[in-house]
Amino acid sequence: MFVALEIGHADIVQGVAQTVTDDRRFETGLSSQWSRVRSKLRAEFGEAAYRSWLKPASFEAVDDETVRILAPTRFMRDWIETQYGERLKRLWAEEMPALRRLEIVHLGAATEKVEVPASPVVADAEKSDKEIGALLDPRFRFENFVVGKPNELAFAAARRVGEAQAVPFNPLFLYGGVGLGKTHLMHAIAWHIRDTNPERRVIYLSAEKFMYQFIRAMRYKDTMAFKEQFRSVDVLMIDDVQFFSGKDNTQEEFFHTFNALVDQNRQVVISADKSPNDLEGMEERMKSRLGWGLVADIHPTIYELRLGILQSKAERMEVDIPLKVLEFLAHKITSNVRELEGALNRLVAYANLVGRPVTLENTQEVLHDILRANDRRVTIEEIQKRVAEHFNIRLGEMYSARRSRAIARPRQVAMYLAKQLTARSLPEIGRKFGGRDHTTVMHAVRKVDELCALDSAFSEDVELLRRMLEG
Ligand code: ADP
Ligand code: MG
């Protein structure tokens, strides 16, 4: 959950915590402003309060009108908001005259299911509510989206919607796991339409915010205005509709809004973490309606896409990171793009701070926790099982002493993948393969590398296995 403290204008902004913005110079200036704000608060509220509540919080600049304070937990966010919110807002406004919005979010805000607070916590709220959509992230544009196999359909569909003069399919339903680019694509559609057809009304908001506004409208007995707002747009985009699951009244209202827009041939774009059919806690008629247009899923990333994303981001951040390091990260950090970005950001911050070039060695040090978390994803046992299945041999052959090529080759592939996809050492891997010596594993790794270079069919096989295991 997040709180938006407005300066002279009411809005609630979707609270997705991102940690570093691209514009580093902008951020460095703000960093010192943030430390000034903090030291003033420290002087005012005392050392103990400062240490417990304000020091652990960090900030990020969203744009030159908006600052976001990130609190480690929801509880701390609430506390900072109630105890220090007003002061924070005033002090920031002294630092940043253009500031209009101070948001306080907690770091889990992006993924956590939240309850709506008993009353909307909006300071300085004016009754007028012109801005019903959320702010668009300036980084989330089509130009900054790296396209690869896993997301090409979703990307093409989003482009179509962004560029089309008439509604090409309705709704566009984008789905996929966390951090794979759904929000990015939706913002990109909105940016594109704003740039090319500024007269078209586009509204983007999270399902959570839709509900929040709906509840607020009911509280103020203002549901007519609420309905009007949504029903007069050209393009409505609602992000993360799985949030509606089990929330019957909001779902009902959303269903009516949705139908009204589709009936008038207005474009609707929806995202969720699952396909329409798999959405739990959604009414059948809703699920069926959501699947009427184009349903495009974003698959988990593959190595090439991850590498492409890293290269593009490193380039945009204007930092020199050896290709070897980027390749290493693309191999190791397989969870999602958000985590990949987080790793890169941390690496860049480190390099700037210590003023030393990034190497494979210090990368492993700086990112050890992220790397470890990703390693846990694939176990040697899983690798052995998959590889045995793939080559149609018994799992037991992974540990057996047999050395015929039909058995030994798959075993070598499994060792190779164990080395690539886990953090296990060579002796550890050897032990898991029937107590073999670490030199046997080393030999296997070399052999597979060699074969990959010589035999493209073999290399594709290995790559396929890797993808299956990483996915
Ligand atoms: P989702 O909404 O699916 O959870 P986001 O759209 O928030 O994911 O993406 C998470 C982060 O990863 C964002 O910073 C986004 O810019 C970045 N990202 C995801 N996919 C790509 C891509 N294909 N190219 C560039 N950046 C991407
Ligand atoms: Mg999202």
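This write-up is about the structure you can find in this document.

What counts and what doesn't
- Residues numbered from 1 in each chain as written.
- Chains lettered and ligands numbered in written order.
- Predicted model: local features only at pLDDT ≥ 70, side-chain atom pairs only at ≥ 80, totals over all residues.
- Heavy atoms only, no water.
- Helix = DSSP H or I, 4+ residues; strand = E, 2+ residues; numbered from the N terminus.
- Near = heavy atom within 4 Å.
- Polar contact = N/O pair within 3.5 Å; in protein donor to acceptor, adjacent residues only side chain to side chain.
- Areas by Shrake-Rupley, 256 points an atom, 1.4 Å probe, with all protein chains shown as cover.
- Nonpolar A, V, L, I, M, F, W, Y, C, P; charged D, E, K, R; others polar.
- Expected span 1.5 Å × (residues − 1).
- Buried < 20%, exposed > 50% of the residue type's maximum accessible area, 1.4 Å probe, protein only.
- Arc of directions from axis to C-beta.
- Contact = heavy atoms within 4.5 Å.

Time to look at unusual backbone geometry. Cis peptide bonds are those with omega within 30 degrees of zero, and the linkage from Asn170 to Pro171 qualifies with -5°. Structurally, Pro171 can be placed in the loop between helix H4 (152–163) and strand S5 (172–176). Not every positive phi belongs to a glycine, and Asp240 is a case in point at roughly 60°. As for its position among the elements, Asp240 is in the loop between strand S7 (235–239) and helix H8 (248–263).

Neighbouring ligand 1 are 19 residues; Val146, Gly179, Thr183, His184 and Glu341 lie closest to it. Contact between ligand 1 and Lys182: an oxygen atom at 2.8 Å from a side-chain N or O atom of the residue. One of the side-chain nitrogen or oxygen atoms of Glu341 is found 2.6 Å away from an oxygen atom of ligand 1. Within the complex, 97% of the 560 Å² of free accessible area of ligand 1 lies under protein. Elements supplying a minimum of two residues to the shell around ligand 1: helix H5 (182–196), helix H10 (303–316) and helix H12 (337–354). When grouped by side-chain class, the residues that make up the shell around ligand 1 number seven nonpolar, eight polar and four charged.

For the rest of this paragraph, the subject is helix H19 (residues 456–470). The first and last C-alpha atoms of H19 sit 21 Å apart over 15 residues, in line with the 21 Å expected at 1.5 Å per residue. The set of residues buried in H19 consists of Phe458, Val462, Glu463, Leu465, Arg466, Leu469 and Glu470. Projection of H19 onto a plane perpendicular to its axis shows the buried side chains occupying an angular sector of 160°, all on one side. Exposed and facing more than 90 degrees away from the buried side of H19 are Ser456 and Glu460. Its buried side turned inward, H19 meets H10, helix H11 (323–332), helix H15 (380–391), helix H16 (405–421) and helix H18 (438–454).

Quick look at H10 now. Taking 1.5 Å per residue as the helical rise, H10 with its 14 residues ought to reach 20 Å, and the 20 Å between its terminal C-alpha atoms agrees with that figure. Judged by how many residues are buried, H10 sits mostly within the fold: 10 of 14 residues are covered. Taken together, the buried positions of H10 are occupied by Tyr303, Leu305, Arg306, Leu307, Gly308, Ile309, Leu310, Ser312, Lys313 and Ala314. Glu318 lies just past H10 and shows a positive phi near 55°.

Worth remembering: the numbers are spatial, not functional.
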